[in-house]
Amino acid sequence: MSAKSVFQEEKNPRGIPKAPFIARINQSRSMANVEEYLGGSDGAVETPLKNFQDAIAKYRYMDANLTQRRKGLEDKIPDIRKTLHMVEFLQEQREGKNKNDDLEDDLSDEENSDNPKKPLTTTFELNDTLFAEAELEDSDTVYLWLGANVMLSYKLSEAASLLRSKLDLAEASLKATIEDLEFMREQLTVMEVNTARVYNWDVKRRRERRLAGEGNGTKGS
C-alpha cells in the first residue's frame, strides 16, 4: 500500500483529497472494518500506519499554507475596501463639483474667476501611527499600487471598476480558503482517528495471540 493510495479519489472543489474513514460497525465487532482495510486478520499494520502518518503530514502542510493564505487575504481585503471607498469618494466629489460648475456657469463667469475653488484637504497614512496633511488637486486620475513596485494611473471610473473586481475576487478566494480549511481539518481528524483505530486493533490482536499461545502452552503441559 503506497502513501498515495491512502487518499480517496473523491476530492473537494479545489482538489483536496478526502481521507478514508475506518468506521465502527458495532460494539462487539468494533475492529471489523480495520481487518477489511488491512486485508484480513493477518494484515500488517506497519506500512498502513506509516502511510497514515505521511498523509497526516501532507494535510498539516496544506493546512499551514491555507492558514497563511487566509491571513494574507484578511489583511488585503480591508486595504482594497479602504482604497475603493476613497476612489468612490473622489468620484462623488468630482461629480458634485461638475454639477455645481454647471450651475455657476449660468450665473457669472467673472464671479467664478474671483472665487476659485479650494482644493480638498485630507490626511494620508505614513505608517501605523503617523499621518500627514495634504491638498488634493482637482483631477479625474488616481495612481494605484499593483505590487512589485509597480504603480499605474487610472481614471476614477476605471480605478473603481478595477478595485471592485479585485475585492470580489479576494472575498471569493477568502470564502473558498475558509471552506478548504474546514474540510482539511475534518480530514486531519479522520486520519488521526484511523491511526488510533489501527494501532488499537493491532494491540488487541497481539494480546489475543499472546493469550492464545499461553493457553496452548498450558494445555500442552
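Quantities reported herein were computed from a predicted structural model and do not represent experimental measurements.

The subject of this paragraph is the overall build of the protein. A count of helical and extended segments in the protein gives 4 helices and 4 strands. Start at the N end of the protein and walk to the C end: the helices and strands fall as α-α-α-β-β-β-β-α. Residue burial in the protein is summarised as follows: out of 221 residues, 27% are buried. For the protein, contacts bridging at least 24 residues in sequence account for 65% of all contacts bridging at least 6. Total accessible area computed for the protein in this model is approximately 15400 Å², and 50% of it derives from carbon and sulfur atoms.

Relative to the assigned elements, tryptophan 201 resides in helix α4 (residues 156-220). The exposure class assigned to tryptophan 201 is buried, which follows from its relative accessible area of 4%.

With that out of the way, let us pick up the packing of aromatic side chains. Tallied over the full model, the rule gives 2 aromatic pairs. Centre to centre, the rings of tyrosine 37 and phenylalanine 52 are 5.8 Å apart; their planes meet at 40°, and the pair counts as tilted. Of this pair, tyrosine 37 sits in helix α1 (residues 32-38) while phenylalanine 52 sits in helix α2 (residues 46-105), placing them 15 residues apart in sequence. Under the relative-accessibility criterion, tyrosine 37 is labelled partly exposed at 24%. When its relative accessible area of 0% is taken as the criterion, phenylalanine 52 is described as buried.

A separate point is the pattern of salt bridges. Any two side chains of opposite charge can pair, on the condition that their charged atoms come close. Under the counting rule described, the total for this entry stands at 18 salt bridges. In this structure, arginine 206 engages glutamate 46 in a salt bridge whose closest nitrogen and oxygen atoms are separated by 3.9 Å. With arginine 206 in helix α4 and glutamate 46 in helix α2, this residue pair connects regions lying 160 residues apart in the sequence. You can call arginine 206 partly exposed: its relative accessible area is 49%. One salt bridge in this structure joins arginine 206 and aspartate 202, with 2.9 Å as the shortest N-O distance.

What counts, and where the lines are drawn
Residues numbered from 1 in each chain as written. Predicted model: local features only at pLDDT ≥ 70, side-chain atom pairs only at ≥ 80, totals over all residues. Heavy atoms only, no water. Helix = DSSP H or I, 4+ residues; strand = E, 2+ residues; numbered from the N terminus. Buried < 20%, exposed > 50% of the residue type's maximum accessible area, 1.4 Å probe, protein only. Contact = heavy atoms within 4.5 Å. Areas by Shrake-Rupley, 256 points an atom, 1.4 Å probe, with all protein chains shown as cover. Phe/Tyr/Trp six-rings, centres within 6.5 Å; stacked < 30°, edge-to-face > 60°. Salt bridge = Lys/Arg side-chain N within 4 Å of Asp/Glu carboxyl O.

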